[in-house]
Amino acid sequence: AKAEGRNNFQFYTSSGKTAALRSLTLEGDLRMALARRELFVEYQPEIDLKTGETVGLETLVRWDHPTLGLIPPLDFIPLAEETGLILPIGEWILSIACMQNAIWHKSGLEPIRVAVNLSGHQFRQRNLIKTIAKTLTNSRLDPQHLELEITESTLMENAASTIHTVKELKSMGVRLAVDDFGTGYSSLSYLRRFPLDVLKIDRSFIRDVTINADDAAITRAIIAMAHNLNLEVIAEGVENEQQLQFLQENNCDMAQGYYYCRPLTPAKLTKHLEKQSSG
Ligand code: C2E
Ligand code: CA
Ligand code: CA
Ligand code: CA
């Protein structure tokens, strides 16, 4: 009992309680965040390695918390997943990205592809196909200009129903990308069963690609095998010239990373796209 009491005491004074309280508070705050317009998105360019042009944009959500300030997605997306809040939040992100893209087209900019991350919870929900169809109709966006990113680990869960969902999505005409590829230990022969368009090599392989022989070999192998399956390849997290050169030498199709461009607000991105289309 003594030990228990002491443990209790420790529990109440430990950071565990603070952490629990903080996540409870955060959950309540996240519940309100959409209505209070605290969420916003940025877009990060995806560059064609042959032409140097921006050919796609990844939509990345941010939360501007009233007292805590900017909270990065990795600190609230897992909470949104656990609580199911990812469904309304994800729907909002999808519609804002489609509408923004439609606005860019209407303003005379060349058509561009916008990529949206689908979390596991979103991917598994029954209404997914309806939600996406509705969003495409409302924004009048050409489906081929929407790309959905599904992580390798989500694709690996429950093969039969996953393949069914992926095929339904594909039949709507949207593009499909495997996100964070290389972290889930799936094989490319497994992926061949899915009608996919793009494979994104996880940043963890690109980071040391010019100094670590294993990472270089893995990256080369992923690019070659993806091309054999007729998939385009995007390298994530390209931060310097050497990585860029390696990727060009090894026929990677596209790159995304701080070396080219950080994620930008819609206003800044509009300028970036205008500059590209005039230049
Ligand atoms: P992700 O899908 O792998 O997104 C790429 C992340 O890498 C982004 O972080 C981006 O800012 C970061 N990044 C891009 N280039 C570089 C680089 O050169 N170096 C480094 N170190 N990082 C780079 P961010 O925005 O913090 O997002 C983190 C993760 O949160 C995303 O990883 C994704 O899993 C999740 N996430 C972000 N936005 C959304 C969203 O709208 N919906 C869902 N479901 N998840 C999201
Ligand atoms: Ca992504
Ligand atoms: Ca990724
Ligand atoms: Ca990643």
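Presented here is an overview of the structure given in this document. Since the model is a prediction, treat every value here as computed from it, not as a measurement. (Residues numbered from 1 in each chain as written. Chains lettered and ligands numbered in written order. Predicted model: local features only at pLDDT ≥ 70, side-chain atom pairs only at ≥ 80, totals over all residues. Heavy atoms only, no water.)

### Remarks on the overall build of the chain
Filter applied, for reference: Secondary structure elements are taken from DSSP: a helix is a run of H or I of four residues or more, a strand is a run of E of two residues or more, and numbering for both begins at the N terminus. The cut-offs for exposure are 20% and 50% of the maximum accessible area for each residue type, with area from a 1.4 Å probe on protein chains only; residues under the lower value are buried, those over the upper are exposed, and the others partly exposed. Every residue pair with non-hydrogen atoms within 4.5 Å of one another is taken to be in contact. To measure how exposed things are, a 1.4 Å probe is used in the Shrake-Rupley method; for residues, cover is taken only from the protein chains shown. The charge count includes Lys and Arg as positive and Asp and Glu as negative, but it does not include His or the ends of the chains. Think of each charge as sitting on NZ of Lys, CZ of Arg, CG of Asp or CD of Glu.
Helix and strand content of the chain: 13 helices and nine strands. Its C-alpha atoms put the chain at 70 × 45 × 40 Å along the principal axes. Across the 279 residues that make up the chain, the buried fraction comes to 45%. Expressed as a percentage of contacts within the chain between residues at least 6 apart in sequence, the contacts between residues at least 24 apart total 67%. A total accessible area of about 14,700 Å² is found for the chain, and carbon and sulfur atoms account for 52% of it. Across the chain, 29 positive and 35 negative side-chain charges occur, with their mean positions spaced 6 Å apart.

### Here we look at the environment of alanine 177
Here alanine 177 lies in strand β6 (residues 175-181). For alanine 177 and leucine 273, which are 96 residues apart along the polypeptide, the C-alpha to C-alpha distance reads 23 Å.

### Some words on unusual backbone geometry
Most peptide bonds adopt trans geometry, and most residues besides glycine take a negative phi value. Phi at asparagine 230 is positive, roughly 65°, even though this residue is not glycine. Looking at the element boundaries, asparagine 230 is found in the loop between α11 (213-228) and β8 (232-235). The class for asparagine 230 is exposed, based on a relative accessible area of 70%. At asparagine 251, a position not held by glycine, the phi torsion is positive, near 65°. As for its position among the elements, asparagine 251 is in the loop between α12 (241-249) and β9 (254-255).

### Topic: the coordination of the calcium ion (ligand 2)
We apply this condition: Nitrogen, oxygen and sulfur within 2.8 Å of a metal are treated as its donors, or within 3.2 Å for sodium, potassium and calcium (Na, K, Ca); water is not counted, so a site can appear incomplete.
The coordination sphere of the calcium ion (ligand 2) contains the protein donors Glu58 (OE), Asn117 (OD1), Glu149 (OE) and Asp179 (OD), at a distance range of 2.1 to 2.3 Å. Every donor residue of the calcium ion (ligand 2) comes from the same chain, spaced as E-x58-N-x31-E-x29-D. Between the calcium ion (ligand 2) and the calcium ion (ligand 3), a separation of 3.6 Å is found, and both are coordinated by aspartate 179. Pair noted here: glutamate 58 is in strand β2 (residues 54-65) and asparagine 117 is in strand β4 (residues 113-118), with a separation of 59 residues, a long-range link. Of the residues examined, glutamate 58 reaches a relative accessible area of 6% and is grouped as buried.

### Points about the coordination of the calcium ion (ligand 4)
Geometry reference: four tetrahedral donors at a metal, ideal angle 109.5 degrees. Six octahedral donors, ideal angles 90 or 180 degrees. Taken together, Asp180 (OD) and Asp202 (OD) make up the full set of protein donors to the calcium ion (ligand 4), lying 2.6 to 3.1 Å away. The calcium ion (ligand 3) is placed at 3.3 Å from the calcium ion (ligand 4), the two being bridged by aspartate 180. Remark: aspartate 202 occurs in the loop between β7 (198-201) and α10 (203-206) and aspartate 180 occurs in strand β6; sequence separation between them is 22 residues. Accessibility expressed as a relative area gives 25% for aspartate 180, which makes it partly exposed. On the accessibility criterion, aspartate 202 (11% relative accessible area) is buried.

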